[in-house]
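# Architecture at a glance
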Amino acid sequence: MRTVLKTEKLHKVYTLGSLFRRIKINALDDVNLEVVSDQPVIVSLVGESGSGKTTLAKVVLRLVEPSAGSAMVCDHLVAGKGTKPTKREFLTTVQPIFQNPFEAFSSYRTVDSYLERTAIYVNQLSRREAIDAISQALASVGLKYADVKGKYPNQFSGGELQRVSVARALLPHPKIIIADEPVSMIDASLRMNVINLFLALKRDFGTSFLYITHDLATAYYISDYIAVMYRGCIVEFGQARAVLSEPQHPYTKLLLDSIPSTRWKWERKIAESDIETKEYRFTGCKFHNRCPLAQDICRQKRPQVVRLSDGRDVYCHLVQ
Ligand code: SF4
């Protein structure tokens, strides 16, 4: 069995504001997650803006240092105290796909130069071998090398360029791809192409995914596991179908109630408009000022994890 993803007591504190009015935000507040599997899996992180899911992705990608705690991806410690993989080892294990493919490539460089650099530097291939590997990676996302070679990012549609990003991520044959809102800037008609591509890559190449999204419909469609986040905390985590068809945490229920059942798309703001920075500093349950079931204990004490019989974790005082 492999530890696909594990975080232990993961914290990330950001300081905002001016010199005279500093505010500390617990962007990640004691995040504990564990996915162990001998099969490739797709784990989705869902939550509103400000829930901490992108910060968690950045910690796992080693783009942000946590304030405390540790993170492990595919048996490699990537954050926290201990021996970490070298940059090359890391890039052959973990690859990112970002939200906006046009920001992932400079407009002054041809996209094939990025692919070549990855193949030569990370895969350590000769130039001839690199071209073969690039052609195969592009073929696996439905593109031809001849149609990509010598072209600049603005010569592609968003969907095509995101496919090139996926091909680039695939080149090192990573064990896991961290995809942060990978379809949110793509035309709706092309989104399912990319989502189905992830499923095909999981099946054909054994690649796992950490999929960060606002879109519950695609999360439901592709995920094996789902973690729901709120103000830096995990509130519910478990098998995707169980969590989304029978949510146990009041916040997960609110999310599902606030979107049309025929089309599970939820557009950022669900009940209140502003991100309340004070919510990040609540000592009790961070959801208590929006929860219809809140009781005194919820304001005073942070709920501990409750493991249900189906294996899911729920953080709520009322869940037994
Ligand atoms: Fe609501 Fe209390 Fe449960 Fe938090 S702990 S979700 S406030 S019932």
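Residues numbered from 1 in each chain as written. Predicted model: local features only at pLDDT ≥ 70, side-chain atom pairs only at ≥ 80, totals over all residues. Heavy atoms only, no water.

## Quick notes on the pairing of strand 7 (residues 176–180)
A regular strand carries its side chains on alternate faces of the sheet. Convention followed: Remark: exposure states derive from per-residue accessible area (1.4 Å probe, protein chains only) relative to the maximum for the residue type, with buried under 20%, exposed over 50%, and partly exposed in between. Here a strand is any run of E in DSSP of at least two residues, a helix any run of H or I of at least four, and the numbering for each starts at the N terminus. Here, any two strands with at least 2 DSSP bridges between them count as paired. Crossover handedness is defined by viewing with both strands directed away from the observer: a clockwise path from the first strand over the helix to the second marks the crossover as right-handed.
Most of strand 7 sits inside the fold, with five of its five residues counted as buried. Pairing analysis gives four bridges linking strand 6 (residues 94–97) to strand 7, with the strands arranged parallel. For I97, the partnering residue across the bridge sits in strand 7 and is A179. Sheet topology places strand 7 next to strand 8 (residues 208–213); five bridges connect them, and they run parallel. Bridge pairing in strand 8 places I177 opposite F209. For the crossover that starts at strand 7, traverses helix 8 (residues 188–205) and ends in the parallel strand 8, the hand is right-handed.

## Observations concerning the sheet that holds strand 4 (residues 68–73)
Heads up, the rule is: Orientation is described by lines fitted to C-alpha atoms, with helices fitted over the stretch in contact, and by angles between N-to-C directions that extend from 0 to 180 degrees.
Strand order in this open sheet of four strands is 2-1-4-5, and the pairing throughout is antiparallel. The two strands at the open ends of the sheet, each matched to only one other strand, are strand 2 (22–37) and strand 5 (76–79). Within the sheet, the average angular offset between the axes of one strand and its neighbour, ignoring direction, is 30 degrees. Where strand 1 (residues 2–17) and strand 4 come together, five bridges link them in antiparallel fashion. Paired with H11 across the bridge in strand 4 is A68.

## Thoughts on the packing of helix 4 (residues 111–122) against helix 5 (residues 127–140)
For clarity, the threshold we go by: Roughly parallel means an angle under 35 degrees; roughly antiparallel means over 145; roughly perpendicular covers 65 to 115; every other angle is labelled oblique. What makes a crossing left-handed is the near helix being turned counterclockwise from the far one by less than a right angle; a clockwise turn instead makes it right-handed. Contacts are assigned to residue pairs with any non-hydrogen atoms lying within 4.5 Å of each other. Three categories are distinguished: nonpolar for Ala, Val, Leu, Ile, Met, Phe, Trp, Tyr, Cys and Pro, charged for Asp, Glu, Lys and Arg, and polar for the others, with Gly belonging to the last.
With their axes 9 Å apart at the nearest point, helix 4 and helix 5 run at an angle of 120 degrees to one another. Classed by the angle they form, the pair helix 4 and helix 5 counts as oblique. Remark: the crossing between helix 4 and helix 5 carries right-handed chirality. Within the contact between the two elements, helix 4 uses L115, E116, A119 and I120 and helix 5 uses R127, A130, I131, I134 and L138. A per-class count over the contact of helix 4 with helix 5 returns seven nonpolar, no polar and two charged.

## Topic: the packing of aromatic side chains
Rules: Centres within 6.5 Å make a pair out of two Phe, Tyr or Trp rings, where for Trp the six-membered ring is used; the pair is then stacked when the planes are under 30 degrees apart, edge-to-face when over 60, and tilted otherwise. Lysine NZ or arginine CZ positioned within 6 Å of the ring centre and within 35 degrees of the ring normal marks a charge as sitting over the ring.
Tallied over the full model, the rule gives seven aromatic pairs. Between F198 and Y211, the ring centres sit 6.5 Å apart and the planes meet at 75 degrees, which makes this aromatic pair edge-to-face. One end of the pair, F198, is in helix 8; the other, Y211, is in strand 8, and 13 residues separate them in sequence. An aromatic cluster of at least three residues, connected via ring pairs, comprises F198, F209 and Y211. Looking at R62, its charged tip hangs above the ring of F90, at a distance of 4.4 Å from the centre. It is R109 that lies over the ring of Y114; its NZ or CZ is 4.0 Å from the centre.

## Considerations on the side chain of D313
The cut-off we apply is this: Two N or O atoms count as a polar contact when they lie within 3.5 Å, although within protein this holds only if one can serve as hydrogen donor and the other as acceptor, and sequence-adjacent residues are included solely when both atoms are side-chain atoms.
Mapping D313 onto the fold places it in strand 12 (residues 313–315). Classification of D313 by relative accessible area gives buried; the value is 9%. A distance of 2.5 Å separates polar atoms of two side chains, one belonging to D313 and the other to R307.

## Focus: the sheet that holds strand 10 (residues 233–239)
In space, the eight strands of this open sheet follow the order 6-7-8-3-9-10-12-11, with mixed pairing throughout. The open sheet has two edge strands, strand 6 and strand 11 (305–307), and neither has a second partner. Taken over all neighbouring pairs, the strand axes of this sheet differ in orientation by 20 degrees on average, direction set aside. Lying over the sheet, helix 7 (residues 158–170) contacts strand 6 and strand 7, oriented at roughly 175 degrees with respect to strand 6. Sheet contacts for helix 8: strand 3 (42–46), strand 6, strand 7 and strand 8; angle to strand 8, the most-contacted strand, approximately 160 degrees.

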